[in-house]
Number of protein chains: 4
Amino acid sequence: MAFSVAVAGASGYAGGELLRLLAGHPEFEVRTVTANSNAGHPLIDVQPHLRSLAHLTLVDTTPETLSGHEVVFLALPHGKSGELTAHLNADTLVVDCGADHRLQSEEDWAAFYGGDYYGAWAYGVPELPTGSGRLRDLLRSARRIAAPGCNASTVALALAPGIRAGVIDETDLVAVLAVGPSGAGKSLKLPNLASEILGSANPYAVGGTHRHIPEIQQSLRFAGAENPTISFTPIIVPMARGILSTATARLVPGTSAAAVRAAWEDTYADEPFVHVLPPGHFPRTADVLGANTALIGLAVDEAAGRVVTITAVDNLVKGTAGAALQSANIALGLPQTLGLTTNGVAP
Amino acid sequence: MAFSVAVAGASGYAGGELLRLLAGHPEFEVRTVTANSNAGHPLIDVQPHLRSLAHLTLVDTTPETLSGHEVVFLALPHGKSGELTAHLNADTLVVDCGADHRLQSEEDWAAFYGGDYYGAWAYGVPELPTGSGRLRDLLRSARRIAAPGCNASTVALALAPGIRAGVIDETDLVAVLAVGPSGAGKSLKLPNLASEILGSANPYAVGGTHRHIPEIQQSLRFAGAENPTISFTPIIVPMARGILSTATARLVPGTSAAAVRAAWEDTYADEPFVHVLPPGHFPRTADVLGANTALIGLAVDEAAGRVVTITAVDNLVKGTAGAALQSANIALGLPQTLGLTTNGVAP
Amino acid sequence: MAFSVAVAGASGYAGGELLRLLAGHPEFEVRTVTANSNAGHPLIDVQPHLRSLAHLTLVDTTPETLSGHEVVFLALPHGKSGELTAHLNADTLVVDCGADHRLQSEEDWAAFYGGDYYGAWAYGVPELPTGSGRLRDLLRSARRIAAPGCNASTVALALAPGIRAGVIDETDLVAVLAVGPSGAGKSLKLPNLASEILGSANPYAVGGTHRHIPEIQQSLRFAGAENPTISFTPIIVPMARGILSTATARLVPGTSAAAVRAAWEDTYADEPFVHVLPPGHFPRTADVLGANTALIGLAVDEAAGRVVTITAVDNLVKGTAGAALQSANIALGLPQTLGLTTNGVAP
Amino acid sequence: MAFSVAVAGASGYAGGELLRLLAGHPEFEVRTVTANSNAGHPLIDVQPHLRSLAHLTLVDTTPETLSGHEVVFLALPHGKSGELTAHLNADTLVVDCGADHRLQSEEDWAAFYGGDYYGAWAYGVPELPTGSGRLRDLLRSARRIAAPGCNASTVALALAPGIRAGVIDETDLVAVLAVGPSGAGKSLKLPNLASEILGSANPYAVGGTHRHIPEIQQSLRFAGAENPTISFTPIIVPMARGILSTATARLVPGTSAAAVRAAWEDTYADEPFVHVLPPGHFPRTADVLGANTALIGLAVDEAAGRVVTITAVDNLVKGTAGAALQSANIALGLPQTLGLTTNGVAP
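Residues numbered from 1 in each chain as written. Chains lettered and ligands numbered in written order. Predicted model: local features only at pLDDT ≥ 70, side-chain atom pairs only at ≥ 80, totals over all residues. Heavy atoms only, no water.

Taking an unreviewed UniProt entry as the reference, chain A is identified by name as N-acetyl-gamma-glutamyl-phosphate reductase belonging to Cryobacterium psychrophilum. We quote the UniProt Sequence similarities (unreviewed entry) comment for chain A here in full: "Belongs to the NAGSA dehydrogenase family. Type 1 subfamily." (UniProt positions renumbered as here; feature names shortened; annotations may be inferred.)

So, in structure tokens, the structure goes:
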């Protein structure tokens, strides 16, 4: 008997990806899909790629339409989840794909987002190491889960092993990400137009202003950092989805290349969705398109004294909807891999 | 009376771009175009976008076909220029777009390229600061010029002002570049196929192995560095041409943001082709497509303690053919801007 | 108990897509993967997106390595299947994704392909109408199946309903296809390079020379045409996969728009993988990326006197590997939808 | 002494391209640039690729700001030019890049555009054949010129030679165009978002509804057609700019392939910007990127009984701004090629 599911924000890209994954999940049944301006329309008119869900019609996003389901996924703009979830039953599993419940620091929330602060939920990156285990442990009994920011979780997964093992300098981290524009959603702004992005690489949020920075720092603190700092620069490139993160860190002097590799491989040895590639191998985003996989390539640049990690993630899957689904699986006692694939759609 | 010009390697991307620029140059007349396997064919069959040069036919690349011109541009694979140029008249201006004559260190050459070493020529990045002036000064009387590597010159232009002013730590440099595949030329290798690159971001030469690293270090030494080290990672993204470099450096403690900005603005204040954008502005590669311009956006990330530079360059123009042409203008006593534009083709 | 499967040509794009689909199929177990120059390497080195098949190693493509499986899929270059399959057991289900066994006319084979002719097999487009039913009927007991050409099946599905119903003129058909380069495979030729394709639309095989033309004509004869002729032009556009076919036909005078719509809707009313969209709706290739779906939009242009069909297909799925798998399902008595999805990966 | 120029609508894509071309034109000096919501901002903030025009500031679009110039280019949304131009001096050369003054038939205007009809101006496709010559003849003394629609002029140039020579059937024309999204301007609509267009081919205005259809018919009547009909389908593909038109027509029975080729070659033999390629050669849009060239490839498909033309145009240059500039050159008695190039930016 499948769990009954509602998806709020079903007309957006994250909502659409949630639905694509849920449609292939054997233990979830999508009963309700909600939207804002598109309420009243058939889902298929707004998400024409979701043929198997052609029977669904979008309804308004309200506590009433969302109530009565065992699982509610929220894929709403930032600032919209907090008020809504107060009205949902405490026993309902609620997974928020927005930022509203990610940050444990109200100060960080105020500095990078602003507006009302609704508190942090269990953070939906199961593989992230903590002092005593993995974040997965906190998800097992959770009924409120915050799915991660796509860029934040990618960089955190990339660097956490080095922090955990004490082989990199937490104050000398640099991450540059090539990212597809779908992370910006369907926002009708000039920089999101195809003509602006095709044939060009476009930076944004340069110089320490990106909202995912405190989220990365929080994750690295989970892994053992005290006061990590990171230079973080995202570059929009002409691919619809995908993140390729180049995250480098200064090597703690005296650390061997073997110790570095061991740190990463040990951290993710048992993880089905995070793979450290063999020496000399580095991932492409095409390798993870549509998959819930994070692939990490690792090199030690002796001359520069730095560890270099290359991490490929599908921002809509492992970065958002897949992370949400994997976390929901864990919270509900299902196999965490259910309804998710490790195989990318390439080429 | 125009200078007579030969272009060797006219069937490749760099050669084609040289010809496109030369076709619009009022003081150069292309008389000879050479190729290897395409010799004997009309140029227009191989470079169908160069309609105004439809009268030219490709001939073999030999000392004989190249002799008798006032200017010879070489756009040959690495290792092919050295032997050839020994046979050219010493009075002929020879501009090599390959790597053969870029590196002053035979040791670096052996470590990163290998094969015979033919010595360094005047380096064709006129704007690069030196202790006493600019590299331009060395180009004025040169008859042998090495056009730069596209990635190397982009990163060097981005970071040299900070080195020159002593406001960044030369041992803590990190550069990640989003680059188009045209830099790899027409090489028939699997990673260059469209199906491999479309919809994906693909790293290569990760971990300190890229051949442009010693060239960057050499340029930074021109600017005053002693023993600079840099972590350098290029990422192929789905745009035919363009480089967007994110180059960051640890700020020397105590340096003000104003001092940082002054370092960059002072360095390029008089340069027609290198522009430092106002605070808060960052370039896109589309802004420089087809132009000989390098646009630099600059930020100081106080929290991370780093300077962040974003630099956009067209790898085939300012990165290669435009640099070659600009350098030739200087060597011949022509206005350096002749035949070059600062305006990009966007969108 | 799953069927044992071998895939020949597992290192190419079609072979990779077969494996991606097979990895998610509950009744198939891939035991053997073969290649040519890549034999001896782990599959994951060549197809790094297929993480769940990391245990497989490529072996040589020989009758011996392929024997002993219940199902053999061939994804070999044209001309390579014919000789090989003569050595396979007659009881083995063999599905060829190449062209060798598609054409019933040896004359067509000689004119468009040349080389040895090995005869036609059951044609793997189950939905194509025939005088008495569907091609599916011929697949039920087949042990030799020819998967279709991607362009050919797309155009045939688009136009067959009009031929079947007699509402379009079989001598006045025009199809123009926007196609991704993955259809050309991993062939190392200049026109397949990313730099040639990014930012450009490139025609090929213009003027009636494309090899899929006789295959289209054959399919339309299945549907009732006598001597159909078609102007067929493929255009390579910068997307890795996908076909968007615009196929138009002169309307038989006196035919109402309602009769046209009825012809298409009736033909595919019961098909799970071919959908005729409502009036005013037209598909995008993103809607079918990774899916086994063909989406058809239909309009009648009264002023021009033509029916216009817009059909979106993923060339590697419904156009090749999905068609192969769907046909194998049918031949083996499995539900035809097993292991296949109707939902695309968008955006 | 250069002509003084104003450009209205300078913040859009067409306006930006006009400015890029004007910046390189030796006889035009841009004095005024106007916009709507961007008035008051430096041009460089809105068009960051136009470095050489960094001294200009956008002002409001009014009769007052546009008056006092010898040439006014309008790049305004449809419906905005008509009222404005009534206030401009009759001696001023006004070139409208919008649709307001293209159609000679008020009935067509009402059917395809609607709103006030302001009458037709001289049509800015100089090469189009007329009964007695070329449209160029009407431009020589014109002071009001309507630049063409990009799709319309591309298809008209492709098919007019066959109409003129009587070798194709004017009632059996089919055109399918792969087009970049820049033709849609900076309109903030969902279908224009990068995420919608990257990796996908998207049709629009299917079934005879596109506004350029009457404009094509009008052009073909100039060339001698009586009542031409055309099936016209544009497909948005993931390239910022460019049009690749596949326009086919039924061959008049008994026409030889040589007669077809002669019709096209004769028509454009003396044209600097329209080239008919040799047999077997077909253009790519990359070949004309940034150029004012229309390249036409031609084939006769004997089996299908159709002429197939493949035409590549840069929608923003030969399709819009270049056509406007070329027409202005003619109207002012300047060489028509001034400030325009035939060389594309490739790759």
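Moving on from the model shown.
Student: Please set out the overall build of chain A residue by residue, giving values where relevant.
Tutor: Scanning chain A for helices and strands turns up 11 helices and 14 strands. For 347 residues, the compact-globule estimate of 2.2 N^0.38 gives 20 Å, and the C-alpha radius of gyration of chain A, at 19 Å, lies within 12% of that figure. With the C-alpha coordinates aligned to their principal axes, the bounding extent of chain A is approximately 60 × 45 × 40 Å. The buried share among the 347 residues of chain A stands at 67%. Here the analysis covers contacts within chain A between residues at least 6 apart in sequence; of these, 71% occur between residues at least 24 apart. Charged side chains of chain A number 21 positive and 31 negative; the gap between the two group centres comes to 4 Å. (Helix = DSSP H or I, 4+ residues; strand = E, 2+ residues; numbered from the N terminus. Rg over C-alpha atoms; globule rule 2.2 N^0.38 Å. Buried < 20%, exposed > 50% of the residue type's maximum accessible area, 1.4 Å probe, protein only. Contact = heavy atoms within 4.5 Å. Lys, Arg positive; Asp, Glu negative; His and termini not counted. Charge placed at Lys NZ, Arg CZ, Asp CG, Glu CD.)

Student: Can you explain the UniProt feature "active site" (unreviewed entry) in chain A? Please cite residues and give values.
Tutor: Residue and element names in this part refer to chain A. Here the UniProt feature "active site" (unreviewed entry) sits at Cys150. Tracing the backbone through its elements, the reader meets cysteine 150 in helix H7 (residues 150-165). Those residues in contact with cysteine 150, other than ones at most four positions away along the chain, are His212, Ile243, Asn315, Gly319 and Thr320.

Student: Could you give an account of the sheet that holds strand E11 (residues 243-251) of chain A, with specific residues and numbers?
Tutor: Residue and element names in this part refer to chain A. The 7 strands are arranged E9-E10-E8-E11-E14-E13-E12 in an open sheet whose pairing can be described as mixed. Taken across any chain shown, the strands that pair with only one partner, and hence form the sheet edges, are strand E9 (202-203) and strand E12 (274-276). Here E11 pairs with strand E14 (residues 306-313) via 8 bridges, running antiparallel. Among the inter-strand pairings, threonine 248 is bridged to a residue of E14, identified as valine 308. (Pairing = 2+ DSSP bridges.)

Student: Please set out the pairing of strand E4 (residues 71-74) of chain C residue by residue, giving values where relevant.
Tutor: Residue and element names in this part refer to chain C. Here E4 shows two buried faces, one formed by Val71 and Phe73 and the other by Val72 and Leu74. Two elements, strand E1 (residues 3-8) and E4, share 4 bridges in a ladder whose sense is parallel. Within the sheet, the bridge partner assigned to valine 7 lies in E4 and is phenylalanine 73. The pairing of E4 with strand E5 (residues 93-96) spans 4 bridges and is parallel.

Student: Let's hear about the interface of chain B and chain A: which residues, and what values?
Tutor: Think of interface size as the accessible area that goes away when the parts come together; that is how it is often given. In this complex, chain B contributes 42 residues to the contact, which on the side of chain A involves 42 residues. Of the roughly 3,200 Å² buried where chain B meets chain A, counting both sides, 64% is carbon and sulfur surface. Counting the surface chain B buries against chain A, the share from its top three residues, Ala201, Val206 and Arg284 of chain B, is 14%. Joining chain B to chain A, the criterion identifies 6 salt bridges. Here chain B and chain A share 13 residue pairs in polar contact (both at pLDDT 80 or more) between them. Broken down by secondary-structure element, the contributors of at least two residues to the side of chain B that touches chain A are strand E8 (168-179), helix H8 (194-197), strand E9 (202-203), strand E10 (230-236), strand E11 (243-251), strand E13 (294-301) and strand E14 (306-313) of chain B. It is E8 of chain B that contributes the most residues to the side of chain B that touches chain A, 5 residues altogether. (Buried area = accessible area lost by both parts, 1.4 Å probe. Salt bridge = Lys/Arg side-chain N within 4 Å of Asp/Glu carboxyl O. Polar contact = N/O pair within 3.5 Å; in protein donor to acceptor, adjacent residues only side chain to side chain.)

Student: An account of the UniProt feature "domain: Semialdehyde dehydrogenase NAD-binding" (unreviewed entry) in chain A is requested, with residue identities and associated values reported.
Tutor: Using the residue numbers shown here, the UniProt feature "domain: Semialdehyde dehydrogenase NAD-binding" (unreviewed entry) corresponds to residues 4-136 of chain A. Taken as a whole, residues 4-136 of chain A contains 24% helix and 20% strand, while its terminal C-alpha atoms sit 23 Å from one another.

Student: Go over unusual backbone geometry with me, naming the residues and quoting the values.
Tutor: The residue after alanine 346 of chain A, namely proline 347 of chain A, is reached through a cis peptide bond having omega 0°. Mapping proline 347 of chain A onto the fold places it in the segment after helix H11 (317-331). Backbone geometry at alanine 205 of chain B places phi at a positive 50°, although glycine is not the residue there. Among the secondary structure elements, alanine 205 of chain B is positioned in the loop between E9 and helix H9 (213-222).

Student: I'd like a description of the interface of chain D and chain C, backed by residues and values.
Tutor: Taken together, the contact pairs 43 residues of chain D with 43 residues of chain C. Summed over both partners, the interface of chain D with chain C comes to about 3,200 Å²; 63% of that surface belongs to carbon and sulfur atoms. Contact with chain C buries surface across chain D, with Ala201, Val206 and Arg284 of chain D losing the most and accounting together for 14% of the total. Applying the counting rule to chain D against chain C returns 6 salt bridges. Those elements that provide at least two residues to the side of chain D that touches chain C are strand E8 (168-179), helix H8 (194-197), strand E9 (202-203), strand E10 (230-236), strand E11 (243-251), strand E13 (294-301) and strand E14 (306-313) of chain D.

Student: Please give an account of the sheet that holds E14 of chain B that cites residues and values.
Tutor: Residues and elements named next belong to chain B. Across the sheet, which stays open at both edges, the 7 strands sit in the order E9-E10-E8-E11-E14-E13-E12 with mixed pairing between neighbours. Bordering the open sheet on either side are E9 and strand E12 (274-276), each of which pairs with just one other strand. Of the pairings in the sheet, the one linking E12 to E13 comprises 3 bridges and is parallel in character. For histidine 275, the partnering residue across the bridge sits in E13 and is leucine 295.

Student: Run through the pairing of E14 of chain B, naming residues and quoting values.
Tutor: All names here are of chain B. Here E14 lies mainly inside the structure; 8 of its 8 residues are buried. Burial along E14 is two-sided: the residues Arg306, Val308, Ile310 and Ala312 and Val307, Thr309, Thr311 and Val313 are all buried. Bridge count between E13 and E14: 7 bridges; the pairing is antiparallel. Opposite valine 300, over in E14, you have valine 307 as the bridge partner. Between E13 and E14, which pair antiparallel one after the other, the connecting turn spans 4 residues, and glycine 305 there sits at a positive phi close to 70°.

Student: Got a sec to walk through the domain arrangement of chain A? Specific residues and values, please.
Tutor: All names here are of chain A. For chain A, the assigned domains are domain 1 (3-120) and domain 2 (151-315). Summarising the inter-unit geometry, the C-alpha centres of domain 1 and domain 2 are found 27 Å apart. Contact with domain 1, which involves 15 residues of that partner, is made by 16 residues of domain 2. Between domain 1 and domain 2, a total of about 1,300 Å² is buried, with carbon and sulfur atoms accounting for 50% of that surface. Viewed at the interface, domain 2 and domain 1 are joined by 2 salt bridges. On the surface where domain 1 and domain 2 come into contact, there are 7 residue pairs in polar contact (both at pLDDT 80 or more). Broken down by secondary-structure element, the contributors of at least two residues to the side of domain 1 that touches domain 2 are helix H1 (13-23) and helix H5 (106-112). A per-element tally of the side of domain 1 that touches domain 2 places H1 first, with 3 residues. Along the lines of polarity and charge, the residues of the side of domain 1 that touches domain 2 split into 5 nonpolar, 6 polar and 4 charged. (Domains from an automatic or database assignment. Nonpolar A, V, L, I, M, F, W, Y, C, P; charged D, E, K, R; others polar.)

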